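# Topology and contacts: notes
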Amino acid sequence: MNQFINGLARAVAETIDCPGPILEIGSFQVAGQEHIAELRSLFTGKDYLGVDTRTGPGVDCVANVEALPQKTASLGTVIALNTFEHVPHFWKGFAEVQRVLRPDGVFLVSCPFYFHIHSYPSDFWRFTPEALKLLLAEFPNKIIGWQGPRNRPANVWALALGSKRPAFTANQYCHFRALLSQYGRQPMAPLRRIRYQVGRWISGRRPFAPYLDQGRWETEWIRNEPSEGVKDRESLVPCDEQIPFVYGRTRLH
C-alpha cells in the first residue's frame, strides 16, 4: 500500500456510508507501513474484521480469500487493497467476495500494475482497468480509477456497489473526486524528483512518466442504470471545475 491508496480509502469512507460488518482482505500491516495500512480508524463504530493468510498486526482471522469462512451475504463492505496480485486463483477470490457481500454492499479493491515484483507468499498477477471492469461485471454501478500514466499506471482500483444499493449521485461523485484530490497524494523526495526530471530532459519523458506522474489519476463512472440527477455526460462538467487538482480526469458511461 502507498499513501495514494490510503487516501483513496479515506475519500471513500468520507463519501459514502460503508455498511458493516466490514471485512478487510490482506490486512497484515507490513513493518514500516502501519501509518498508512491501518484503516480501522476510518470506519469507527462499525464491526471490522481483518483477514490475512498469516498472523500479525492487523489480522483478526487467518483465512484464504479463495475460501472465506464468512456466511453468504453476511457482509456490508469488503476492502482489498493491493492484495489480489498475491492470490493464485484470483477469480475464485473475486467470486468469494461476491458470495459473502450483501446485495446492498460495497466493494473497494485496488491492485498494482506498474510495480516491482514483491511477495507474500508470492506475486502472481497485474490488473488493468479493463480487467477490473470484467471481474466486477456483476456490480451494476462502479467507479474505476487508476493512478499514474494511462498506459503504465502505478495502481488501478474500483469502488463497486451491489445491485440493491442506490447508485452514486452526481454530488457524491463530485464530492469523492474532490476528496481524492485532497487525500490521494503520492509524495516524492525532492532529490529523486530532480534526478527524474534531469533524466527526462536527457532521454525524453516516456521512461520517467510512471515516476513523475504519480500524482496523476483518472476516474471512470460506470452506470448500468440511470442515476438521479444525471441526464447526460455534460451534467458532470462542473464537477471538474470544482476540483483544484490539475491531473484529475473523469469519464462517464
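As the structure is a prediction and not an experimental result, all values here were calculated from the model.

Here we take up the overall build of the chain. Across its full length, the chain carries 8 helices and 9 strands. Looking at the chain residue by residue over its 253 residues, the buried ones come to 52%. For the chain, long-range pairs separated by at least 24 residues make up 75% of all intrachain contacts whose partners lie at least 6 apart in sequence. As displayed, the chain offers around 12,100 Å² of accessible surface, 54% of which is attributable to carbon and sulfur atoms.

Mapped onto the secondary structure, lysine 142 falls in strand S6 (residues 141-147). No salt bridge is formed by the buried lysine 142. Its closest oppositely charged neighbour is glutamate 138, at 9.0 Å. Within the local environment of lysine 142, its side chain forms a polar contact with the backbone oxygen of leucine 136, the two atoms lying 3.3 Å apart. Among all residues touching lysine 142, those that are not within four sequence positions of it are Lys133, Leu136, Ala137, Leu159, Ala160, Phe168, Glu220, Trp221 and Ile222.

Looking now at the packing of aromatic side chains. One pass over the structure, following the stated rule, counts 10 aromatic pairs. Here phenylalanine 90 and tryptophan 91 contribute two aromatic rings whose centre-to-centre distance is 5.1 Å and whose plane-to-plane angle is 80°, an arrangement assigned as edge-to-face. Look at phenylalanine 90 and you get buried, because its relative accessible area is 15%. Overall, the relative accessible area of 43% leaves tryptophan 91 in the partly exposed class.

This brings us to the pattern of salt bridges. Should the charged atoms of two oppositely charged side chains come close, the side chains can pair. Considering all chains together, one arrives at 10 salt bridges under this definition. Across the pair glutamate 14 and arginine 10 runs a salt bridge, and its minimum N-O distance is 3.4 Å. Of this pair, glutamate 14 and arginine 10 both sit in helix H1 (residues 3-15), separated by 4 residues, roughly a single helical turn. Residue glutamate 14 is classed as partly exposed on the basis of its relative accessible area of 40%. Judged by relative accessible area, arginine 10 falls into the partly exposed class, the value being 35%. The shortest N-O distance in the salt bridge between aspartate 17 and lysine 46 comes to 2.5 Å. A residue pair is termed long-range when its members are at least 10 positions apart, and aspartate 17 in the loop between H1 and strand S1 (22-25) and lysine 46 in the loop between helix H2 (34-37) and strand S2 (48-52) qualify at 29 residues. Residue lysine 46 is classed as partly exposed on the basis of its relative accessible area, which comes to 29%. Several salt bridges share partner residues, and in doing so they unite Glu130, Lys133 and Glu220 into one network.

Turning next to the side chain of glutamine 70. Tracing the backbone through its elements, the reader meets glutamine 70 in the loop between strand S3 (61-62) and strand S4 (75-81). In this structure glutamine 70 comes out as buried when scored by relative accessible area, which is 14%. Apart from residues lying up to four places away in sequence, glutamine 70 is in contact with Leu23, Leu49, Leu75, Arg99 and Val100.

Turning to the nonpolar core, a few remarks are in order. Formed by 30 residues in total, the largest nonpolar core has its most connected members in Val78, Phe84, Phe94, Phe107, Val109, Leu132 and Leu136. Secondary-structure elements contributing two or more residues to this core are S1, S4, helix H3 (90-100), strand S5 (101-112), helix H4 (129-135), S6 and strand S7 (155-161). Residue contacts for valine 109: discarding those within four places in its chain leaves Ala80, Leu81, Phe84, Phe94, Leu136, Val156, Trp157 and Ala158. In this structure, Ile5, Val12, Ile22 and Trp221 belong to the second largest nonpolar core, which totals 28 residues.

With that settled, consider the pairing of strand S8 (residues 217-223). Both faces of the sheet carry side chains from a regular strand, because those side chains alternate between them. Taking burial as the measure, the 7 residues of S8 include 7 buried ones, the bulk of the element. By the alternation rule, side chains of S8 split into Trp217, Thr219, Trp221 and Arg223 and Glu218, Glu220 and Ile222, which are all buried. Sheet topology places S6 next to S8; 7 bridges connect them, and they run antiparallel. Residue pairing across strands places isoleucine 144 opposite glutamate 220, the latter belonging to S8.

Here is what the cut-offs are and how they apply
- Residues numbered from 1 in each chain as written.
- Predicted model: local features only at pLDDT ≥ 70, side-chain atom pairs only at ≥ 80, totals over all residues.
- Heavy atoms only, no water.
- Helix = DSSP H or I, 4+ residues; strand = E, 2+ residues; numbered from the N terminus.
- Buried < 20%, exposed > 50% of the residue type's maximum accessible area, 1.4 Å probe, protein only.
- Contact = heavy atoms within 4.5 Å.
- Areas by Shrake-Rupley, 256 points an atom, 1.4 Å probe, with all protein chains shown as cover.
- Lys, Arg positive; Asp, Glu negative; His and termini not counted.
- Salt bridge = Lys/Arg side-chain N within 4 Å of Asp/Glu carboxyl O.
- Polar contact = N/O pair within 3.5 Å; in protein donor to acceptor, adjacent residues only side chain to side chain.
- Phe/Tyr/Trp six-rings, centres within 6.5 Å; stacked < 30°, edge-to-face > 60°.
- Core = buried A, V, L, I, M, F, W, Y, C linked by side-chain atoms within 4.5 Å.
- Pairing = 2+ DSSP bridges.

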